[in-house]
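Chain by chain, the residues run as shown.
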Amino acid sequence: MDRKVRVAQYGCGKMSVYTMRYVYEKGGEISVAFDIRPEIIGKDIGDIIGGGKKGVIVKNVSEAENVFKADKPDICIITTMSLMQDLKEAFLVCAKTGVNAISTCEEAFYPQNSSPLLTSEIDSLAKKNSCTICGSGYQDIFWGNLITVLSGATQTIKKIKGKSSYNVEDYGIALAKAHGAGLDLETFDKEIASIDKVSDEERKKIIESGKYLPSYMWNVNGWLCDKLGLTITRQTQKTVPQIYSKDLKSSTLQMTVKAGNATGMSAVVTTETKEGITIESECIGKVYAPEEFDQNDWIIQGEPDTEVLINRPATVELTCATIIGRIPDVINANSGYVTTDKMPTPQYRIRSLNEYVK
């Protein structure tokens, strides 16, 4: 490909400020952008990312299908919501029009273990129209490839434990609400935690119905097992609220989270495998108190034990840079819904994106 990689931006919120700028910095171009908010539609994307006008005006998402049919971009970056059911329309319009797509949607990282029917529908349509759909972001490297590469230096693994925290203030209101931030504990238990107080059989039925609400680690554990060649025998999830002793102001929620109410949640996913290796991973997403910061801590227990701790990772920027770095891999991949465990190990793109496209 001797021209610039042409990228569509679907969702022009906080994350797009980075994804769009990073596309230009890596030699690509934004050909079109979409959003649902009246105050964003009609803006030049340069007013969103800074650095002057770009001549690309944000359109309503309702126009996406016609735009893609008339002038197909090489790939669409979707930075909107965190669950597959919320991205159904966006993914299907890309699959229907044959446009490759990559999303920061956390469930999209490995959705076949939480939304199998929708994933299969998208997969079939993408194969029919010769495009690739996938999810990536921070988890692709820091919860996925980093762990599997370290596992390659381990003789025997008994258990993999991971814990990662992030400030929901950095990702927008949809993610903050999905974590139960701002809810009183009774409402949190009813709306967030209750989904996990079920038997394995009940959970299986909920998943098959397409109504399951996975934590981010639910999909990460599935990805890790697939990448490591492990056979899952049982997987469970427990969600608990996070609280703070003082009131916390949330600019994203536009409210003050009262002391004792949920600032967010911790979700622990435990995966047992036929091979005897257990994966226990925890993600903590909440409105941070002044003294709190992002952490990413993983321990591989076995021979030898290995621990990696990353303090203050720039989670937003790392997520967006990973998305941009994955663009050539998505364009080069087979058609269908292809998770990144089936793609090359992420690499630094020192040259323009088009130079990595086959």
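Everything below is about the structure printed above this text.
These remarks concern the structure in this document. (Residues numbered from 1 in each chain as written. Predicted model: local features only at pLDDT ≥ 70, side-chain atom pairs only at ≥ 80, totals over all residues. Heavy atoms only, no water.)

Concerning the sheet that holds strand S6 (residues 132–135)
To be explicit about the condition: One bridge is not enough; two strands pair if DSSP finds at least two bridges between them. By definition, any uninterrupted DSSP run of H or I lasting at least four residues is a helix, any uninterrupted run of E lasting at least two residues is a strand, and each is numbered from the N terminus. Any two residues having at least one pair of non-hydrogen atoms within 4.5 Å are treated as being in contact. Angles shown run from 0 to 180 degrees and are taken between the N-to-C directions of axes, each axis being a line fitted to C-alpha atoms and, for helices, limited to the stretch in contact.
The strand order S3-S2-S1-S4-S5-S6-S15 describes an open sheet built from seven strands, whose pairing is parallel. Of all strands in the sheet, those with a lone pairing partner are strand S3 (58–60) and strand S15 (336–337), marking the two edges. Bridge count for strand S4 (residues 75–78) against strand S5 (residues 100–103) is four bridges, and the pairing is parallel. Along S5, the bridge assignment pairs Ile-75 with Asn-100. Sitting on the sheet, helix H11 (residues 315–332) is in contact with strand S1 (6–10), S4, S5 and S6, with an inclination near 150° to S5.

Things to note about the packing of aromatic side chains
This is how it is decided: Pairing of aromatic rings covers Phe, Tyr and Trp, the last counted by its six-membered ring, and requires centre-to-centre distances within 6.5 Å; plane angles under 30 degrees mean stacked, over 60 mean edge-to-face, and any other angle means tilted. Accessibility here uses a 1.4 Å probe with only protein chains present; expressed as a share of the type maximum, an area under 20% marks a residue as buried, one over 50% as exposed, and anything in between as partly exposed. Here, a charge over a ring means that NZ of Lys or CZ of Arg falls within 6 Å of the ring centre while also lying within 35 degrees of the ring normal.
The full count for this structure, using the stated rule, is 10 aromatic pairs. Look at Phe-109 and Trp-223: their rings are 5.2 Å apart centre to centre, the planes differ by 15°, and that puts the pair in the stacked class. One end of the pair, Phe-109, is in the loop between S5 and helix H5 (116–128); the other, Trp-223, is in helix H10 (residues 216–228), with 114 residues separating them in the sequence. As far as the burial class goes, Phe-109 and Trp-223 line up, both buried. Across the ring face of Tyr-24, the terminal group of Lys-54 is positioned such that the distance to the ring centre comes to 4.2 Å.

Focus on the pattern of salt bridges
Rules: We count a salt bridge whenever a side-chain nitrogen from Lys or Arg sits within 4 Å of a carboxyl oxygen from Asp or Glu.
A complete count under the given rule lists 21 salt bridges for this structure. The partner of Lys-342 in a salt bridge is Asp-226, and the shortest N-O contact between them spans 3.1 Å. With Lys-342 in the segment after S15 and Asp-226 in helix H10, this pair connects stretches of sequence that are 116 residues apart. Under the relative-accessibility criterion, Lys-342 is labelled exposed at 52%. Owing to a relative accessible area of 29%, Asp-226 belongs among the partly exposed residues under this scheme. Notably, a salt bridge pairs Arg-351 with Glu-355, separated by 3.2 Å at the nearest N-O pair. Residue Glu-355 is classed as partly exposed on the basis of its relative accessible area, which comes to 48%. Sharing partners across several salt bridges, the network here consists of Asp-140, Arg-326, Asp-329 and Arg-349.

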